[in-house]
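Structural overview for review
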Amino acid sequence: MSSARIPVCGKPTWVQSMTDALLKIRALNAWYGESHILHGIDLDIRQGETVTLLGRNGAGKTTTLRAIMGILRRREGTINLAGKDLTVLPLHRVAQMGLGYVPEERGIFASLSVEENLTLPPKVAEGGMSVEEIYRLFPNLQERRNSQGTKLSGGEQQMLAIARVLRTGAKIILLDEPTEGLAPVIVQRIGDVLVALKQRGMTILLVEQNFRFARKVADRFYLMEDGRMVNSFAEHELDDHMNELHDVLGV
Amino acid sequence: MSTIFGIPAPALYGQILIGLINGSFYALLSLGLAVIFGLLRVINFAHGAQYMLGAFVSYGLLNYLGIGYWLALILAPLIVGAVAIVIERTMLSRLYGLDPLYGLLLTFGLALIFEGAFRYWFGTSGKPYAPPPQLTGAMNLGFMFLPIYRGWVVVASLIICLGTWLLIEKTRLGSYLRAATENATLVQAFGVNVPRLLTLTYGLGAALAALAGVLAAPIYQVNPLMGSNLIIIVFAVVVVGGMGSILGAIITGYMLGILEGLTKVFYAEASSIVIFVVMAVVLLIRPAGLFGREA
């Protein structure tokens, strides 16, 4: 009997070994206090790829990002970035490894001006955008650079939260629901920005509930439910998985 | 002799000056407390002891090593700041994330230990510390004589307060500090070494207290209890200004110092409680303090 036909260890067949993955997560478990939120997550992102995590509220998408960044400290498993394990690093060293984080709540600082917010994250590598380039991408931010950060509209705050990590030279940006609660015209604008970033070769891990938005930028999707990865497929396979998507997302 | 509201003018000016000088110390000390509280969420009860240490270090530098006032103005804050950094690294940092009461108890205990030790070594009688020769004598302002050293204290404390305010409001380090005061975890997730920022902030706060101690040495004498006499008033100043508000601490410090001086002229019996009356009224009307943001 050929060994190739025997299913291996009960792993779903879509978990392929991706030796070329830039970010490689294996068997990630995470806890908030006593509650076990993530149950053995595997995730791979290749250089230059945009990967979207889909799932309902409470599926563990935000928790996954927080566990990768190390904001959530109680975790097990491996998070490997370009061959280095992130789980052993103190929080401030993770960003220095090349991760840029755009939190769900946006995290704009009220006691800082727009420009101070923009230049707050220290540079972690060469190759980030200059402040001038960022202002060209987001002209609103330049106009309002001396305003208090939280005086911006919701959409502008989201742009600022994204712009903030573009300066640092981060290799991967983690974006948590950038379109949440924003008007369609702003969502469109953020979509354009993500496409532009993708064309510059940025690697993006996007958390979204809105898969119609996500499919414009994503190369691959992971589907999450109850703290587990239940499926993964490429963008061109999205239509084949519509029923499953409607099921899991409840749309 | 001219009078203002029936008060002899020199007496009025004299008390305003004393109020301004006391206010300078209130401002310097409450500034350090506000910076520490804002970022570390620690109510630093050792602040009075760190002020006292600043005065004693300058006394020690002069009497044991022959190092004078001007150098002490730089060395004493550095030495006390270094002691504070050791305290933060070895003890205080273990209490972050716990109930703020633990930080308060630790710093209160440290204050008692420092004060007890210095009482044991030096007794409770004040040690004289002469002002430097460049700052002795008095200046005739026309309406009153101003002892030069006291004028210097007012000017120096204004410069230090302004400098600290600029550091926090206008520099990159200051933007880290302000942002970390709002959301330390996110700032650290951006790659800023927040634990080191906390350590430096505690050192800076203590150094400011020590600097105030050096400035105070020629005026109030050097005494192990000089800090605990002052710290209660300074806490009232911080509460009135708004916990954690830098500008609030500075302005309230000067304002309450002058108010206290004026009370001495108009109704001397109330002068030792006027600051606490103001604190009670402010807490009733604006619980977050005059310059505090409503939580």
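The structure under discussion appears in the preceding block.
Report follows, based on the coordinates. (Residues numbered from 1 in each chain as written. Chains lettered and ligands numbered in written order. Predicted model: local features only at pLDDT ≥ 70, side-chain atom pairs only at ≥ 80, totals over all residues.)

Looking only at helices and strands, one finds 9 helices and 10 strands in chain A. At 18 Å, chain A has a C-alpha radius of gyration in line with the 18 Å of a compact globule built from 251 residues. C-alpha extents for chain A along the principal axes are approximately 70 × 40 × 35 Å. Burial statistics for chain A: of 251 residues in total, 41% are counted as buried. For chain A, the share of sequence-separated contacts (at least 6 apart) that also reach a separation of at least 24 residues comes to 68%. (Helix = DSSP H or I, 4+ residues; strand = E, 2+ residues; numbered from the N terminus. Rg over C-alpha atoms; globule rule 2.2 N^0.38 Å. Buried ≥ 20, exposed ≤ 12 C-beta atoms within 10 Å, placed from the backbone. Contact = placed C-beta atoms within 7 Å.)

Residues and elements named next belong to chain A. With 5 of 5 residues buried, strand β7 (residues 172-176) is to be regarded as a mostly interior element. Of the two faces of β7, both are covered, the one formed by Ile172, Leu174 and Asp176 as well as the one formed by Ile173 and Leu175. As judged from the 4 bridges shared by strand β6 (residues 99-102) and β7, these two strands associate in the parallel manner. Pairing of leucine 99 across the sheet is with isoleucine 172, part of β7. The sheet contact formed by β7 and strand β8 (residues 203-208) spans 5 bridges and is parallel. In the sheet register, isoleucine 173 faces β8, and the bridge partner there is isoleucine 204. For the crossover from β7 across helix α7 (residues 184-199) to β8, the handedness is right-handed. (Pairing = 2+ DSSP bridges. Right-handed = clockwise from strand over helix to strand, strands pointing away.)

On to the sheet that holds strand β5 (residues 84-85) of chain A. Residue and element names in this part refer to chain A. As summarised here, the arrangement of the 4 strands in space is β2-β1-β4-β5, forming an open sheet in which the pairing is antiparallel. Edge positions in the open sheet fall to β2 (35-46) and β5, since each of these has one partner strand only. For strand β1 (residues 21-32) and β2, the ladder comprises 8 bridges, and the chain directions are antiparallel. When the bridges of β2 are listed, lysine 24 appears paired with aspartate 44. Sitting on the sheet, helix α1 (residues 61-69) touches β1, β2 and β4 (75-81), and the angle it makes with β2 is about 75°. (Axes fitted to C-alpha atoms, helices over the stretch in contact; angles between N-to-C directions.)

This part takes up the interface of chain A and chain B. Many analyses report the size of an interface as the accessible area lost when the parts associate. Listed as interface residues are 18 residues of chain A and, on the opposing side, 14 residues of chain B. Counting residues per element, the side of chain A that touches chain B draws most heavily on helix α2 (residues 91-96) of chain A, which supplies 4 residues. Considering only residue class, the side of chain A that touches chain B consists of 13 nonpolar, 4 polar and 1 charged. (Nonpolar A, V, L, I, M, F, W, Y, C, P; charged D, E, K, R; others polar.)

All names here are of chain A. Of the strand pairs in this sheet, strand β9 (residues 220-225) and strand β10 (residues 228-234) are connected by 6 bridges, and their pairing is antiparallel. Considered in β10, the bridge of leucine 223 is made with asparagine 231. Connecting the antiparallel pair β9 and β10 is a turn made up of 2 residues, with aspartate 226 showing a positive phi of about 50°.

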